[in-house]
Amino acid sequence: MAILPNDQSGFQNHFCSTQKWFLVDLLHAYESAKKWKKSVEIDLFDIEFEKNIYQLAKELVNKTYKPWIYKAFIIFDPVCREIFAAPFRDRIVHHLIYKYIAETMDKKMYYHSYGARKEKWIHLGVKKTQSFIRSCHAKHKQSYILKIDIKNYFHSIDHNILIETLYSFISSSHLKCLLWDKRLIWICKKVILHDPRMYVRRIWSISDRKYLPKHKSFFTLEDWVWLPLGHLTSQWFANRYLNDLDHFIKHKLKAPWYWRYMDDMVLVHPNKKQLLIRKSDIDKYIQRTRKICLHPKKIYLQNTNKGVVFLWYRIQRDGIHLWPRIIRKRWWKIRSWNHLYKIKQAPDIISVRDTLNTYLWRAQHGKNYKLRKTMYLALHPWYQNKLIPRSNYTSVRLYTRLCTKKHIRYLKHADPFLFIS
C-alpha cells in the first residue's frame, strides 16, 4: 500500500477522524480492485495515486461523485452477451460497496445461493446438486430434478424494488461502515441509477453486432429495468434481488433440496407432480413481487437417472463431468492458438495462460485428469516452452529461469551493488 503524506491535498484539515478511517477502507478497496489486474488504466491511476485517491474520497464524502465513461463490447463465450466495463476508478467504488454491505448482508441471505459471495463458487453448487440427488434417491429410492431459469434476468431488474430492499437492510442493520447510513444509500443509488449508455465507448464491429439479439441489447431497454453485465456490484445486487424468493421456496413451499446460482434454480424431489406445482408457485411469486417471469423454453424436468446439464457440467449420481459442448469449444480455442502461432500472430502469452487456467480449473472438479493432460499437450511446443504445468495439470504458470547458488555468487562478485539493500 502506498504511504499517504499528511500534507497531501489538505487531508488533515478537510477530513475528520472518522472520514480518515473511511479513506483507509477506500485504500483496501483499491487493493482489491487492482488484485490480479494489469492494464494501462491502472498504471495511469497509479502515476498520481495520492491525488486520485484523495479526490475520489472527497467526492464520496461530499456527494459529488459521478461515474465515468464505460466501455461496451460483445463476448461470444459461452453465449453472445453485451458487457459494460467500468473504469478502474468506478471499480474501486464497487469494491467499497461490497466491503461495507456484502459481508454483513451475507449472513441474512439463503445459505445455498451462489454467485458473487465469499466461498460460494460454481463448482461447490454443482457438488451440492449431486449431494441433493444422492440424498433424495437414498431416502425415497426415486428422485426428479427441476431446473428453471428467469427470462432476461439482468434486463428485467427493477431499480426501485432493488433500492427498497437495500434501504430496508441498511436502515435496520449495524454495518461496519464509518459513513452514516444515508451516505451509503446515496452511493448505492448513484451506482444503480447510473445509465452508462449516455457516455460509452462502443468497442465492437458491425459484424459482431449482428449476432446479438435485440432483446439482449441494453440499448433497447427502459432506463429503470436493467443492471449492466460486468460489475461486481451488478452480480451481487442480482443475487440479493432474489433472496426473498429463496426464503419463500425454503420455508413456504418446504423445499429441502433447493439451491440457486444467480437466476438458475435447481429443485430435487421424489414426486414429479409436486415439482410442477412448485414451478407454478415460483412463477406467480416472482411476477407479483419482482415483475419478472420464468423462461418458458428453459424448463428441464427429468428423472435423475438421466442426469442434468448445469452450467459447465453434466451432473449424475455417480460423478460429475464436463459438458461435451464445452469440451468441443475448448479444443477449438486451442487449435485457434496453434494456428495463430503458425501464421506468426501468436496472442499474448499472459492471456493464453489465464484462459487455459480457467479451462483447467473447471475441469479439475470432475473425473478429467486425462482431458487436462491432453489439453496441455495439444498446445504448440512454443506455448509449452512458455507455460509450465503444475501437479496433476490443475493449472499452468509462466516459465521463469531460476538462478543457482553458483550463479548468485558470481553476480555478487561481478556487481556487488545489486545486493545492497
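Preceding this section is the structure that the text describes.
Reading guide: rules and limits
Residues numbered from 1 in each chain as written. Predicted model: local features only at pLDDT ≥ 70, side-chain atom pairs only at ≥ 80, totals over all residues. Heavy atoms only, no water. Core = buried A, V, L, I, M, F, W, Y, C linked by side-chain atoms within 4.5 Å. Buried < 20%, exposed > 50% of the residue type's maximum accessible area, 1.4 Å probe, protein only. Contact = heavy atoms within 4.5 Å. Helix = DSSP H or I, 4+ residues; strand = E, 2+ residues; numbered from the N terminus. Pairing = 2+ DSSP bridges. Polar contact = N/O pair within 3.5 Å; in protein donor to acceptor, adjacent residues only side chain to side chain. Axes fitted to C-alpha atoms, helices over the stretch in contact; angles between N-to-C directions. Parallel < 35°, antiparallel > 145°, perpendicular 65-115°, else oblique. Left-handed = near helix turned anticlockwise from the far one by under 90°.

This part is about the nonpolar core. By size, the foremost hydrophobic cluster in this structure holds 115 residues, and its most contacted members are Ile101 and Ile249. Beyond its immediate stretch of four places on either side in the chain, Ile101 contacts Phe169, Ile170, Leu184, Cys188 and Trp236.

Our next topic: the pairing of strand β7 (residues 264–269). Most of β7 is tucked away, with six of its six residues classed as buried. Alternating positions in β7 separate into two faces, Asp264, Val266 and Val268 on one and Met265, Leu267 and His269 on the other, with burial throughout. Judged from the six bridges that link them, strand β4 (residues 144–149) and β7 form a sheet pairing that is antiparallel. Counterpart to Ile145 in the pairing with β7 is Val268. Where strand β6 (residues 258–261) meets β7, four bridges bridge the pair, whose relative direction is antiparallel. What sits directly across from Arg260, in β7, is Met265.

For the rest of this paragraph, the subject is the side chain of Arg197. With respect to the element layout, Arg197 can be found in the loop between α8 (181–193) and β5 (200–203). Within the local environment of Arg197, its side chain forms a polar contact with the side chain of Asp195, the two groups lying 2.9 Å apart. Looking at Arg197, its side chain comes within polar contact range of the main-chain oxygen of Phe218, at 2.6 Å. Residues within four places of Arg197 in sequence aside, it is in contact with Phe84, Phe218, Phe219, Leu221, Glu222, Asp223 and Trp226.

Where helix α13 (residues 324–342) contacts helix α14 (residues 349–363), the two axes come as close as 12 Å, and the packing angle between them is 160°. With respect to their mutual orientation, α13 and α14 come out roughly antiparallel. Our pair here, α13 against α14, has a crossing hand that is left-handed. On α14, the residues that touch Arg330, Lys333 and Trp337 of α13 are Val352, Thr355, Leu356 and Tyr359.

What follows deals with the sheet that holds β7. Across the sheet, five strands lie side by side as β3-β6-β7-β4-β8; this open sheet has mixed pairing. One side of each edge strand has no neighbouring strand; the edge strands of this open sheet are β3 (113–114) and β8 (300–303). As defined by bridge partners, β4 adjoins β8 across four bridges and the pair is classed as antiparallel. What sits directly across from Ile145, in β8, is Gln302.

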